[in-house]
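Given next are the chains, with one letter for each unit.
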Amino acid sequence: MDSSILKAYELAKKAYAEIGVDTDSVLDKLKNIKISINCWQGDDVNGFLFQDIALSGGIQTTGNYPGKASTPAQLRADIEQALSLIPGKHKLNLHAIYADTDEKVDLDELEPRHFASWVEWAKQKGIGLDFNPTCFSHPMADSGFTLSSADEKTRRFWIEHCKRCRKIADYFGRELGQKCVTNFWFPDGYKDIPVDRQAPRERMKSALDEVFAEEYDGRYSLDAIESKVFGIGAESYTVISNEFAVAYAVSHSKACCLDAGHYHPTEVISDKIPTVLLFTDELLLHVSRPVRWDSDHVVILDDELVAIAQSLVRTGLINRTHIGLDFFDASINRIAAWVIGTRNMIKALMRAMLEPIEALKKIELDGDYTSRLALTEEYKSYPFGPVWDYYCETMNVPVRESWLDIVKNYEKKILTERK
Ligand code: RNT
Ligand code: ZN
């Protein structure tokens, strides 16, 4: 161990010990927290199932940074590179369009075997898998409606796709011996003001009931439903509004997926976490960074990320939460994007764990709001940096920005060679 890292850590450890925080035990706990890394950052949400299909559903990637992965082997190599720069063991979040097969299959024909190579790879790497049906970027989604379409044929197509995705998730969970979370997000909505705001929601509800009719063993898979306030092309109305998702999840024993970019601009998911988890058993997060809209920028260590981490840690609700990332930036090195976003998520959790939580709660209950404000402000400048450096060092990943040279090297050797 680099002696200056150790020295700085020892000083930090002492400072935290003085406020009753044991940094060693914080880092021990931090090791066990898994982040679900979004595979789609690696190739701008293209997938491998179809060629030359434009991204639809109101989500957008911008930029054309060279070197994006265009085969499963490339994507896996890139993720491996990213994982080697991120402390801890994590999960990879796949979308249905990332099937690895030579067969010509459509979304309503997918089988577990089309993902066998992912499972083998995940086993080898000791990571878990999460999953998503892909209800966009497909001709059957061109109307802007999928599960809630008024067209029977369209609805049946997407119901079948979703059912097959649940089966694939169950297969992931069993093979890997850890729960696979399947997130259901649908772009369904209207660009302009609808006359009938209820019928699409009725259709959505009964279609979801069909999708979820089959019971799967909860040890291996969990279904989550993601709402959205608006999307590009669905500005006036989304079928799965917040109320829809929360009510459906609560009444059907599902999880909600809270995406940081899916609410009105001053609404934050950090405040929704402890509310939703009063009424549901588990929760999925899509940690993202909305800039003026649901722009899916790379996650940075900003106030809301810190608040999300505090919400999870101060309450203990982290034990019932699956932390997923959801961003896609095509204007920067995609591996760097993964590394920056994931390291920030872990760092924010570490910071939250470095608070004397019980003492702060007592001060609050005593009504001493002066101390609450004074202390939480002072704690912001406690030396969490040296703790983070020590953690990276002990987890055998690069300390501070030294990972960047490795990514630049990989870019030069591998990415720029790609057509
Ligand atoms: C879209 C949703 C959804 C997607 C991913 C690719 O607004 O956030 O989660 O970003 O499934
Ligand atoms: Zn999302």
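Residues numbered from 1 in each chain as written. Chains lettered and ligands numbered in written order. Predicted model: local features only at pLDDT ≥ 70, side-chain atom pairs only at ≥ 80, totals over all residues. Heavy atoms only, no water.

Asker: In this structure, what is going on with the coordination of the zinc ion (ligand 2)? I would like to understand it.
Answerer: Each donor-metal-donor angle in an ideal tetrahedron of four donors is 109.5 degrees, and each such angle in an ideal octahedron of six donors is either 90 or 180 degrees. Distances from the zinc ion (ligand 2) to its protein donors, Glu226 (OE), Asp259 (OD), His286 (ND1) and Asp326 (OD), fall within 2.1 to 2.2 Å. Coordination geometry of the zinc ion (ligand 2): the six donor atoms subtend angles of 72 to 173 degrees at the metal centre, consistent with an arrangement described as octahedral. The sequence pattern formed by the donor residues of the zinc ion (ligand 2) is E-x32-D-x26-H-x39-D. Highlighted residues: Asp259 in strand 8 (residues 255-259) and His286 in strand 9 (residues 283-287), separated in sequence by 27 residues. (Donors = N, O, S within 2.8 Å, 3.2 Å for Na, K, Ca; no water. Tetrahedral: all angles 85-135°; square planar, octahedral: opposite > 155°, others 65-115°. Helix = DSSP H or I, 4+ residues; strand = E, 2+ residues; numbered from the N terminus.)

Asker: Explain the packing of helix 2 (residues 23-30) against helix 13 (residues 384-394) to me, please; I cannot follow it from the model alone.
Answerer: Viewed as axis vectors pointing N to C, helix 2 and helix 13 meet at an angle of 50 degrees, and their least axial separation amounts to 11 Å. Regarding the angle of helix 2 to helix 13, the classification is oblique. For the crossing formed where helix 2 meets helix 13, the hand is right-handed. Across from Thr23, Leu27 and Leu30 in helix 2, the residues of helix 13 making contact are Val387, Tyr390 and Tyr391. (Axes fitted to C-alpha atoms, helices over the stretch in contact; angles between N-to-C directions. Parallel < 35°, antiparallel > 145°, perpendicular 65-115°, else oblique. Left-handed = near helix turned anticlockwise from the far one by under 90°. Contact = heavy atoms within 4.5 Å.)

Asker: Just to check I follow, could you spell out the nonpolar core for this structure?
Answerer: Ranked by internal contacts, the top residues of the largest apolar core, which has 126 residues, are Trp118, Phe131, Phe172 and Leu349. Top contributing element to this core by residue count: helix 10 (residues 334-353), with 12 residues. Those residues in contact with Phe172 that lie beyond four places of it in its chain are Leu94, Phe115, Val119, Leu129, Asp130, Phe131 and Cys180. (Core = buried A, V, L, I, M, F, W, Y, C linked by side-chain atoms within 4.5 Å. Buried < 20%, exposed > 50% of the residue type's maximum accessible area, 1.4 Å probe, protein only.)

Asker: Is there a simple way to explain empty space enclosed by the protein in this structure?
Answerer: Taken as a whole and judged by the stated rule, the model has three cavities of 30 Å³ or more. When its volume is computed, the largest cavity comes out at roughly 170 Å³. Of the pockets and cavities examined, the second largest cavity occupies roughly 80 Å³. In this structure, the second largest cavity is lined by 14 residues; those nearest its centre are Trp185, Phe186, Pro187, Lys228 and Thr238. Here the lining of the second largest cavity is composed, by residue class, of seven nonpolar, four polar and three charged. (1 Å grid on protein atoms, 1.4 Å probe; cavity = no way out; pocket = protein on both sides within 12 Å on 5 of 7 lines; lining within 4 Å. Points joined across faces, edges and corners; volume = space filled by probe spheres on them. Nonpolar A, V, L, I, M, F, W, Y, C, P; charged D, E, K, R; others polar.)

Asker: Could you clarify how one ought to interpret the side chain of Arg334 in this entry?
Answerer: Here Arg334 lies in helix 10. A relative accessible area of 5% means that Arg334 is categorised as buried. Within the structure, the side chain of Arg334 is placed 2.8 Å from the side chain of Asp44, a separation counted as a polar contact. With near-sequence residues (within four places) excluded, Arg334 lies in contact with Gln41, Gly42, Asp43, Asp44, Asn64, Tyr65, Pro66, Gly67, Lys68 and Asp329. (Polar contact = N/O pair within 3.5 Å; in protein donor to acceptor, adjacent residues only side chain to side chain.)

Asker: Would you explain the site of ligand 1 in this entry?
Answerer: Close to ligand 1 lie Trp40, Ile59, His95, Trp185, Glu226, Lys228, Asp259, His262, His286, Asp294, Asp326 and Phe328. His262 has a polar side-chain atom sitting 3.0 Å from an oxygen atom of ligand 1. For ligand 1, an oxygen atom lies 3.2 Å from a polar atom in the side chain of His286. Contact with the protein chains hides 100% of the accessible area of ligand 1, taken as 310 Å² for the molecule alone. (Near = heavy atom within 4 Å. Areas by Shrake-Rupley, 256 points an atom, 1.4 Å probe, with all protein chains shown as cover.)

Asker: Honestly, the environment of Tyr9 in this entry has me stumped. Any pointers?
Answerer: Its location among the elements puts Tyr9 in helix 1 (residues 3-18). Remark: the alpha-carbon pair of Tyr9 and Lys228, spanning 219 residues in sequence, is separated by 42 Å. When neighbours within four sequence positions are excluded, Tyr9 is seen to be in contact with Thr23, Asp24, Leu27, Pro386, Val387 and Tyr390. Polar side-chain contacts of Tyr9 include one of 2.5 Å to the side chain of Asp24.

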